[in-house]
Every structure is written in structure tokens, then in C-alpha cells.
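# Examination of the molecular architecture
The primary structure of each chain is shown beneath.
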Amino acid sequence: MDWVWVIGGLVLVAALLMDMFQTLLHPSGDGWLSSPLMRLLWRISKRLRHPLQSATGPVAMVSTIAVWVVLMVVAWALVYFPYVPGGFTYSPGIDPARYPDFAEALYLSLVTIGTLGFGDVVGLGPWLRFAPPLEALAGFALLTAALTWFSQIEGPLVRRRALAMELRTLGEVEAAAHLTGWDPASAHETLRDLARSILEVRTDFAHHSEQFYLQETDPDMALSVQLDHAAALRDAALTAPEASVRDAGHQLQLALEDLAALLASEFVDTDGDVGNTLAAYREEHAR
């Protein structure tokens, strides 16, 4: 029976490490635990009309890290639990009989994962002497993962905001209405670059799904608000007399369809239609 607790704890440790790997290092950026948890927290916040406003996303990320920590502590406590107290030696003055065995296991796990190294509880056998250093390494990996998660989101956010600002500028000058009067080469280049930027943001959403839950305080930098300008430019380009402009319009259309397909499959409940999906994305981030 002792090995059931140990194996269960180690399986949970491996599952948590896998979730961190999937969230931070895997190309999908879709952890088995982190993604559903953030989606749940977002839906709760939306139902409450986002009381935390732009802090909703960061709070969801911190909450996910907190769940990682708690589950990691519990997982290693399960490993130690069958051997408490007989498998450990205690410093003078400490009576393990005063505390429940699982509370002792939780204490040992918490002290170890925090790399505090009090030395008041030490394993007697080889297995119990090697387990705490392994947990300390897992705790270090968890800390590194938390810092990495917040640092790696900066690039996708900058690209998303830059695209939103570019679309806002094009909307303010009514580029869609005047597109047929542009020099065809300039129109083609502008539309092609816009399609490339949309595909970059689409890739960012695929690799860093957590950025969907980060709201913008400034509407000018909110992609959910500004994407309608891209749809208007697409419509204008597809009806342009010049073939090069129409070709660029098709590129923009494909980029919008790819983005809409990803949003529909991962974040919003639509059929993938560009218009419906962009409207749903805007509604999700309405303030």
C-alpha cells in the first residue's frame, strides 16, 4: 500500500511537469491543466463583467502558477506520507507524534520545494535522502517556469498591439474607402504586409494562448476592436480593378480566415466565419 501513495505522488509530479512543458515550451502552448483553468477563470470573470478589468489575464496566470505550486507540494507530500514518521529522523525537541502524519508530510514538502533547508527532518534510507533534492529541483523548475511565462508573453503582446495601432491608423484615414485611388504597388505592399502581421499574431495566439486573456486598457491597442478595419480593407481590395491589389486582398482574406479559424477552435464559440468570429472576439473583450 505504501508504494501506491508513492507512485500516485510521482505520477502527479510528472503530470505537472508535463503541463509546464506544454504551456511554456511545446509549440501548441496548450497545457492539459493550465489552458482549461485559464479558460474557466476567464468565463467566471466574464460572467461577473470582468471586475478586475485588464488584470483578469495576469490574475489568471498567477492563479495557474499557484495551482502548480499547491499540487506540486501535495504530490511530493504523497511520496513522503507512507514513511512519516518512522522513515525520518527529527531534530531534538521535535515530537512528530504531536502532528498528523500527512501534515508532517506537507510541511516537509513545503520546506523542501522552497529550498529552505532547515534540516529539522532528514530521511533515513537512501530513497528518502534522495527524494528531497529531487523535489528541490522540481521547485526550481517551477520558479523558472513562472518567470519564463511572464517574460515570454511580452513579444506577442507587442506584435498584437502594433497590429492594432496600424489598423487604427488605416481606419482613421479611411484607407478602405480610398483604396482604389492608391498606387497599385503601394496598395499591394500595404495589404501584403498587413496579411503577414495578422499571420504572425495568429501564430502567437497558437503558441501563447494565455495572451487571449490579456485585455487592453486602450481601445486603440485592442486588436479585438481594430480588426474590423482589416475586414473592410479586404472587401475593398477584392473588388479593386487591379489584379495585383485583388491578389493582395486574397492574401489578406486567407490571413483573416486562418486567424478566425484558430479563434473559433480555441477561444470563442462560432462556426469559424470571419465576420461572426471577429464579432465574438470583440464581444469577449468588451469593457
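Predicted model only: the values in this text are computed from it and were never measured. (Residues numbered from 1 in each chain as written. Predicted model: local features only at pLDDT ≥ 70, side-chain atom pairs only at ≥ 80, totals over all residues. Heavy atoms only, no water.)

## Here's the deal with the environment of Ser91
Secondary-structure assignment places Ser91 in the loop between strand 1 (88–90) and helix 4 (101–113). When sequence neighbours within four positions are dropped, the list of residues in contact with Ser91 reads Gly119 and Asp120. (Helix = DSSP H or I, 4+ residues; strand = E, 2+ residues; numbered from the N terminus. Contact = heavy atoms within 4.5 Å.)

## Observations regarding the packing of aromatic side chains
Here the structure, examined in full by the defined rule, presents 15 aromatic pairs. With a centroid separation of 5.6 Å and 25 degrees between ring planes, the pair formed by Phe212 and Tyr281 is classed as stacked. Of this pair, Phe212 sits in the loop between helix 8 (184–207) and helix 9 (223–238) while Tyr281 sits in helix 11 (residues 274–284), and the two are 69 residues apart along the sequence. Residues Phe212 and Tyr281 agree in their burial class; the two are buried. Ring plane angle 80 degrees and centroid distance 6.1 Å describe the contact between Tyr213 and Phe267, whose orientation is recorded as edge-to-face. Placement of the pair is Tyr213 in the loop between helix 8 and helix 9 and Phe267 in the loop between helix 10 (243–266) and helix 11, with a sequence separation of 54 residues. (Phe/Tyr/Trp six-rings, centres within 6.5 Å; stacked < 30°, edge-to-face > 60°. Buried < 20%, exposed > 50% of the residue type's maximum accessible area, 1.4 Å probe, protein only.)

## Let's talk about empty space enclosed by the protein
Overall, the coordinates contain one cavity of 30 Å³ or more when judged by the stated rule. The space that makes up the largest cavity amounts to roughly 50 Å³. Asp30, Ser35, Arg39, Ser209, Tyr213, Glu266 and Phe267 are the residues that line the largest cavity. Here the lining of the largest cavity is composed, by residue class, of two nonpolar, two polar and three charged. (1 Å grid on protein atoms, 1.4 Å probe; cavity = no way out; pocket = protein on both sides within 12 Å on 5 of 7 lines; lining within 4 Å. Points joined across faces, edges and corners; volume = space filled by probe spheres on them. Nonpolar A, V, L, I, M, F, W, Y, C, P; charged D, E, K, R; others polar.)

## Some points on the nonpolar core
A general feature of soluble globular proteins is that nonpolar side chains tend to end up buried together. With 75 residues, the main nonpolar core has Phe88, Ile198, Phe205, Phe212, Leu223 and Leu227 as its most contacted residues. Excluding residues within four positions of it along the chain, Phe205 makes contact with Arg160, Gln211, Phe212, Leu223, Leu259, Leu262, Phe267 and Tyr281. (Core = buried A, V, L, I, M, F, W, Y, C linked by side-chain atoms within 4.5 Å.)

## Details of helix 1 (residues 2–24)
Helix length check: helix 1, at 23 residues, gives a terminal C-alpha distance of 34 Å against a target of 33 Å (1.5 Å per residue), a fit within 8%. Taken residue by residue, helix 1 has Val6, Gly9, Val13, Leu16, Asp19, Met20, Thr23 and Leu24 as its buried positions. Considering only its buried residues, helix 1 is in contact with helix 2 (34–47), helix 3 (56–80) and helix 5 (126–152). (Expected span 1.5 Å × (residues − 1).)

## Digging into helix 6 (residues 154–172)
Across its 19 residues, helix 6 extends 27 Å between first and last C-alpha, which sits within 8% of the 27 Å expected from 1.5 Å per residue. At its buried positions, helix 6 is contacted by helix 5, helix 7 (175–178), helix 8, helix 9 and helix 11. Phi for Glu174, located one or two positions after helix 6, is positive at around 55 degrees.

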